[in-house]
Amino acid sequence: MAALFLRRLTLQAIKTENNCIARCLEKHFLQNTAPAQLYVTVSVPRLPSLIHAKAFSVAEDAQNKKNKKKKTETALTSTGRKISERIIQVFDEKGNDLGSMHRADVIKLMDKRDLKLVKRNACTEPPVYQLMTGLQIHEERMRLREQDKARPKTRPTLTKELTFSSNIGQHDLDTKSKQIQQWIEKNYQVQITIKKGKNVEDPENKMEAIFNQILQTMPGIATFSSKPQAIKGGRAVMCVLRHLSTKEENMYREAQKTQKGDILNKENRNERPPDVLHQ
């Protein structure tokens with residue numbers, strides 16, 4: 001038993017000594033190795049990744065510059081004295097064509113008249129520029145901004161769906177009509193499906209009458225995108241409601257004004273006293 005314990009103690013001492021020797025050799029190697037050699041040894045494996053990152057950065061910078069240049073060209077800005085083309089076609093501040101001119105002559109004309117140069121069309125040969133005053137540039141920017149605001153914004157049309165029975169009560173129908181109006185005012189299209197009720201004595205046009213009743217609760221707001229049509233073998237009727245377009249809203253207002261004017265004229269004619277003949 002004592003011999004086994006002594007043997008284990010000896011093996012542990014040898015292992016500890018070997019670890020100490022290994023650490024000493026490693027420390028001696030690091031102290032006597034040139035820093036440049038270590039840098040090369042460590043840096044070489046990372047070199048390809050650094051090159052790739054640099055290349056990606058250059059490509060990204062080029063794309064950003066291209067987008068920035070495109071955005072700048074589309075905006076109405078003064079080019080100053082930095083005219084990239086040698087020969088350009090020039091219009092003056094009144095819109096008169098001055099023909100093709102050398103950029104040096106254009107700069108002299110700018111200084112003489114105290115005007116700014118704006119690029120109008122870069123796709124022609126030679127490109128088209130115009131001399132403008134600062135006030136003209138400001139007014140043109142405001143006009144373009146108003147045009148952009150007036151341009152309709154295209155966006156996907158979202159549709160809400162609603163299904164109920166022709167046996168619906170008046171209170172529930174009023175509630176659903178209010179919900180439909182809220183969707184319409186948010187520019188949703190609303191697909192309404194009315195299923196035929198279990199009461200077979202209902203007239204055939206009852207479901208269409210419900211559609212018209214819903215639409216009458218939203219005058220000047222909604223109209224049919226697709227009129228009621230029978231589906232599922234006549235067991236249901238479906239239609240789609242949408243918001244009125246700007247043109248349709250204007251036409252509705254004009255019609256309301258005309259109708260109101262006709263009513264007032266009729267009332268005035270009725271209130272006018274009869275003519276009395278004097279002998």
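What you see is a predicted model, and the numbers here were worked out from it, not measured in a lab.

Enquirer: Tell me about the packing of aromatic side chains, and please be specific about residues and values.
Expert: Under the defined criterion, the tally for this structure stands at 0 aromatic pairs. Positioned above the aromatic ring of Y188, the side-chain terminus of K160 is 5.0 Å from the ring centre.

Enquirer: Quick rundown of the pairing of strand β3 (residues 116-121)? Include the residues and the values.
Expert: In this structure, β3 lies alongside strand β4 (residues 128-132), joined through 5 bridges in antiparallel fashion. Considered in β4, the bridge of N121 is made with V128. Between β3 and the antiparallel strand that follows it, β4, lie 6 residues.

Enquirer: I'd like a description of the confidence of the model for the protein, backed by residues and values.
Expert: Looking at the protein as a whole, the pLDDT averages 77, with 67% of positions reaching at least 70. In this model, residues 34-60 is a region of pLDDT below 50 whose contacts with residues beyond four sequence positions or in other chains number 1 contact. Below a pLDDT of 50 lies the segment residues 70-74, which in the model reaches 2 contacts outside its immediate sequence neighbourhood of four places, other chains included.

Enquirer: Report on helix α7 (residues 206-216), specifying residues and quantitative values.
Expert: Within α7, burial applies to M207, I210, F211, I214 and L215. Considered in projection along α7, the buried side chains sweep an arc of 135 degrees and stay on one side of the axis.

Reading guide: rules and limits
- Residues numbered from 1 in each chain as written.
- Predicted model: local features only at pLDDT ≥ 70, side-chain atom pairs only at ≥ 80, totals over all residues.
- Heavy atoms only, no water.
- Phe/Tyr/Trp six-rings, centres within 6.5 Å; stacked < 30°, edge-to-face > 60°.
- Lys NZ or Arg CZ within 6 Å of the ring centre and 35° of its normal.
- Pairing = 2+ DSSP bridges.
- Helix = DSSP H or I, 4+ residues; strand = E, 2+ residues; numbered from the N terminus.
- pLDDT = per-residue confidence, 0-100.
- Contact = heavy atoms within 4.5 Å.
- Buried < 20%, exposed > 50% of the residue type's maximum accessible area, 1.4 Å probe, protein only.
- Arc of directions from axis to C-beta.

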